[in-house]
Amino acid sequence: MFAISLGDDGAELRPLEPWQAEEYFAHVERGREYIGRYIALARVASDVESARAFLQSYADKAAADAGRIHGIWLDGTLVGGVLFRTLDVALGTCEAGCWLEPSAAGRGLVTRAATVIIDWAVEQRGIHRVEWQVSSENKASINVAKRLGMTYEGAQRESYPYGGVRHDMEIWSVLAPEWRARRAAAGTDEVLAGTANHLA
């Protein structure tokens, strides 16, 4: 199984697959409350079998070329991940997302991992528009969207009922020409250079 280095801190991006259900469930258990503040991902994995079913749903999406999921490992421990909740190559659009357990927060792991998968989507799959949907209360995820150079497009007011509250959902996006221009202006990070083609 491949692993892409995310820097000199021991962080790696790897595929997250059904056979890793026990490791994934243990990770969710460690961060259940933190992960589940704004997204239902933690609720979906209530035991090892439901965790396996969730990962299988993404294996099925990958097989249908309709989504992907990758884990972030730090010093050999699964601490979070990034995904394409949707991926439509024909339309050239996708929706990216993320999660992280609290022990790994504040290290830039999600931004680094999302950069790799967005590079892959844009450069290898021809995706034109990458979207990021986030509760207006989820400041950490909004900050990731900003660090990725995404543009705020607006909010769908009270569109997402979760945890007994109707959340406003902000929509952020980056278009392929914007992504390429930003990456070129910044200079490709040596840690991430050449990694996008390994995600296929």
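These numbers were taken from a predicted model, which means no experiment stands behind them. In this numbering scheme, every chain counts its residues from 1 along its sequence in written order. Given that the model is predicted, a residue must reach a pLDDT of at least 70 before its local features are reported, and side-chain atom pairs must reach 80 or more before they are shown or counted; all residues, however, enter totals for whole chains, interfaces and linings. In computing side-chain properties, one takes all heavy atoms of the structure into account and sets aside hydrogens as well as water.

Details of the overall build of the protein chain
Right, on to step 1. Under the scheme used here, helices are H or I runs from DSSP no shorter than 4 residues and strands are E runs no shorter than 2 residues, and both carry numbers assigned from the N terminus. The helix and strand inventory of the protein chain stands at six helices and eight strands.
Right, on to step 2. Counting from the amino terminus, helix and strand elements in the protein chain follow one another as β-β-α-α-α-β-β-β-α-β-α-β-β-α.
Right, on to step 3. Just to be clear, the radius of gyration here is over C-alpha atoms, and the globule rule we use is 2.2 Å times residues to the power 0.38. For a compact globule of 200 residues, the expected C-alpha radius of gyration is about 16 Å, and the protein chain comes in at 16 Å, within 12% of that figure.
Right, on to step 4. Reported as C-alpha extents along the three principal axes, the dimensions of the protein chain are approximately 45 × 40 × 35 Å.
Right, on to step 5. Split into buried and exposed, the 200 residues of the protein chain put 48% on the buried side.
Right, on to step 6. In short, Shrake-Rupley with a 1.4 Å probe defines the accessible areas, and a residue's cover is counted only from the protein chains shown. Summed over its atoms, the accessible surface of the protein chain is roughly 9,400 Å², and 50% of this surface lies on carbon and sulfur atoms.
Right, on to step 7. Residues scored as positive are Lys and Arg, those scored as negative are Asp and Glu, and His as well as the terminal groups of each chain are ignored. Every charge is mapped to an atom, namely NZ of Lys, CZ of Arg, CG of Asp or CD of Glu. Averaging the locations of the 21 positively and 27 negatively charged side chains of the protein chain gives two centres separated by 4 Å. Burial classification: accessible surface area is computed with a 1.4 Å probe over protein chains only, and a residue below 20% of its type maximum counts as buried, one above 50% as exposed, and the rest as partly exposed.

Points about the pattern of salt bridges
Pairing between side chains of opposite charge can happen when their charged atoms approach one another.
Right, on to step 1. Whenever a carboxyl oxygen of Asp or Glu lies within 4 Å of a side-chain nitrogen of Lys or Arg, that contact is scored as a salt bridge. Throughout the structure, instances matching the rule amount to twelve salt bridges.
Right, on to step 2. We note a salt bridge from Arg-14 to Glu-12, for which the minimum N-O separation is 2.9 Å.
Right, on to step 3. Given a relative accessible area of 17%, Arg-14 falls into the buried group.
Right, on to step 4. Note on Glu-12: relative accessible area 25%, which makes it partly exposed.
Right, on to step 5. As a salt-bridge pair, Glu-131 and Arg-129 come within 2.6 Å of each other at their nearest N and O atoms.

Some details on the packing of aromatic side chains
Right, on to step 1. Centres within 6.5 Å are what make two rings of Phe, Tyr or Trp a pair, Trp counting through its six-membered ring; a difference in plane orientation under 30 degrees is then read as stacked, over 60 as edge-to-face, and the rest as tilted. Scanning the model with the defined rule gives six aromatic pairs in all.
Right, on to step 2. Through pairs of rings, three or more aromatic residues link up here, namely Tyr-24, Phe-54, Tyr-58 and Trp-99.
Right, on to step 3. The lysine or arginine in question, Arg-37, covers the ring of Tyr-34, its NZ or CZ lying 4.1 Å from the ring centre. Either the NZ atom of lysine or the CZ atom of arginine qualifies as a charge over a ring when it sits within 6 Å of the ring centre and within 35 degrees of the ring normal.

Quick notes on the state of the cysteines
Right, on to step 1. We call a pair of cysteine sulfur atoms a disulfide when they lie within 2.5 Å. Following the criterion strictly, the structure yields zero disulfides and no others.
Right, on to step 2. We note that Cys-94 lacks a disulfide partner, and the nearest cysteine sulfur, in Cys-98, lies 14 Å from it.
Right, on to step 3. The class of Cys-94 is buried, set by a relative accessible area of 4%.

A closer look at the confidence of the model for the protein chain
Detailed reading of the predicted model is not advised wherever pLDDT is low.
Right, on to step 1. Residue-level pLDDT values for the protein chain average 91, and 93% of them are 70 or greater.
Right, on to step 2. Contacts for the low-pLDDT stretch residues 189–198, under 50 throughout, to residues beyond four places or in other chains number 20 contacts. The predictor's confidence in any single residue is recorded as pLDDT, a number from 0 to 100. Contacts were defined at the residue level, with two residues in contact if any of their heavy atoms lie within 4.5 Å.

Observations concerning the pairing of strand E3 (residues 68–74)
Right, on to step 1. Counting buried residues along E3, seven of its seven residues qualify, which places the element largely inside the surrounding structure.
Right, on to step 2. Across the two faces of E3 the burial is the same, with Arg-68, His-70, Ile-72 and Leu-74 and Ile-69, Gly-71 and Trp-73 all buried.
Right, on to step 3. Bridge analysis of strand E2 (residues 11–15) against E3 gives five bridges, and the strand direction is antiparallel. Among the inter-strand pairings, Arg-14 is bridged to a residue of E3, identified as Gly-71.
Right, on to step 4. Any two strands are treated as partners once DSSP identifies two or more bridges connecting them. Counted between consecutive antiparallel strands, the loop separating E3 from strand E4 (residues 77–88) contains two residues, among which Asp-75 sits at a positive phi close to 50°.

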